Amino acid sequence: SDWSSDVCSSDLFPSHDRSFTRKGLLYNYFASKESILLHLLDHFVAETTGLLNPNNDDEITNDEMGRFLEELIQSMIRQQDLWKLYLQLSVQPFVVDMVKIRISQSKPLLMQMQLIEKFFAERFENPHEEMVIFSALIEGFIIQYLVSPINFSGGNTAFFLNRVKSMILIEKKKPDNTPNH
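Residues numbered from 1 in each chain as written. Predicted model: local features only at pLDDT ≥ 70, side-chain atom pairs only at ≥ 80, totals over all residues. Heavy atoms only, no water.

(A) View of the layout of surface pockets. Counted as a void, the largest pocket has a volume near 1300 Å³. Considering the residues around the largest pocket, the lining is formed by 35 residues, among which Tyr-86, Ile-103, Met-113, Ser-135 and Glu-139 are closest to the centre. Mapped by element, the contributors of at least two residues to the lining of the largest pocket are helix H3 (33-52), helix H4 (62-78), helix H5 (80-90), helix H6 (93-105), helix H7 (107-121) and helix H8 (127-147). The element contributing the most residues to the lining of the largest pocket is H8, with 9 residues. (1 Å grid on protein atoms, 1.4 Å probe; cavity = no way out; pocket = protein on both sides within 12 Å on 5 of 7 lines; lining within 4 Å. Points joined across faces, edges and corners; volume = space filled by probe spheres on them. Helix = DSSP H or I, 4+ residues; strand = E, 2+ residues; numbered from the N terminus.)

Written out as structure tokens, the structure reads:
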């Protein structure tokens, strides 16, 4: 469900003229700015966790990662205001620190991070660097789409998604640790 409707209908997000309305009402639902941010983070985690490893086993397959990427992009397209808010907040230093603390205190988040690391380690010679490239591509696409969606008309979004998939959805390394690409 849409987080805005769960909390306080349209009062939480920008109205048609992009201004926030009735911000004071937020504190009827949240104790502080930090609790708003943590709720937003929890919403993103809940939305993506089930997509990334739907069968809750000990690995992320190429099929699961492919569906995750598709759903992530669709979520961004459906909930642009929410993603804009998330991006605006995510560049604030205190938010970055808060997210790091939240991840370190959450067993499900730590497990997801380990599964993602395992996914890349099983496929790439330099998994950490590949994860950074992957994250930068996804974040860059999301920023570009949210700032200028007109540039992604027609098949541009599908092209991007297919290109990213071709880069990361590769076979696992052979037992002798050589990549299969």
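(B) Spatial organisation of H4. The terminal C-alpha atoms of H4, which comprises 17 residues, lie 24 Å apart, in line with the 24 Å expected from a rise of 1.5 Å per residue. Restricting attention to buried positions, one finds in H4 the residues Glu-64, Met-65, Gly-66, Phe-68, Leu-69, Leu-72, Ile-73, Ser-75 and Met-76. Of the surrounding secondary structure, the elements contacted by the buried residues of H4 are H3, H5, H7, H8 and helix H9 (156-168). (Expected span 1.5 Å × (residues − 1). Buried < 20%, exposed > 50% of the residue type's maximum accessible area, 1.4 Å probe, protein only. Contact = heavy atoms within 4.5 Å.)

(C) Inspection of the packing of H3 against H5 at higher detail. At a minimum axis separation of 11 Å, H3 and H5 run at an interaxial angle of 120°. In terms of their interaxial angle, H3 and H5 are classed as oblique. When you trace H3 past H5, the crossing you get is left-handed. Taking contact as the criterion, the partners of Leu-37, Leu-40, His-43 and Phe-44 in H3 are, on H5, Leu-82, Trp-83, Leu-85, Tyr-86 and Leu-89. (Axes fitted to C-alpha atoms, helices over the stretch in contact; angles between N-to-C directions. Parallel < 35°, antiparallel > 145°, perpendicular 65-115°, else oblique. Left-handed = near helix turned anticlockwise from the far one by under 90°.)

(D) Empty space enclosed by the protein, seen in detail. Applying the stated criterion to the full structure yields 1 cavity of 30 Å³ or more. Within this model, the largest cavity holds a volume of roughly 90 Å³. Along the walls of the largest cavity sit Leu-37, Leu-38, Leu-40, Leu-41, Tyr-86, Leu-89, Ser-90, Val-95, Met-98 and Val-99, which together make up its complete lining. At the level of secondary structure, the elements contributing two or more residues to the lining of the largest cavity comprise H3, H5 and H6. Element by element, the count of residues in the lining of the largest cavity is highest for H3, at 4 residues. Across the lining of the largest cavity, the residue classes tally to 9 nonpolar, 1 polar and no charged. (Nonpolar A, V, L, I, M, F, W, Y, C, P; charged D, E, K, R; others polar.)

(E) Representation of the side chain of Glu-64. With respect to the secondary-structure elements, Glu-64 resides in helix H4. No salt bridge forms around the buried Glu-64; measuring N to O, its nearest opposite-charge neighbour Arg-67 is 5.2 Å away. Setting aside chain neighbours within four positions, we find Glu-64 in contact with Leu-51, Leu-52, Asn-53, Pro-54, Asn-55 and Glu-59. (Lys, Arg positive; Asp, Glu negative; His and termini not counted. Salt bridge = Lys/Arg side-chain N within 4 Å of Asp/Glu carboxyl O.)

(F) A look at H8. Relative to the 30 Å expected for 21 residues at 1.5 Å per residue, H8 spans 30 Å between its end C-alpha atoms, a close match to the ideal helical length. Along H8, the positions that sit buried rather than exposed are Met-131, Phe-134, Ile-138, Phe-141, Ile-142, Tyr-145 and Leu-146. Down the axis of H8, the sector holding all buried residues measures 125°, keeping them to one side. Opposite its buried face, H8 presents the exposed residues His-128 and Val-147, each directed more than 90 degrees away. Against the buried residues of H8 lie H4, H5, H7 and H9. (Arc of directions from axis to C-beta.)

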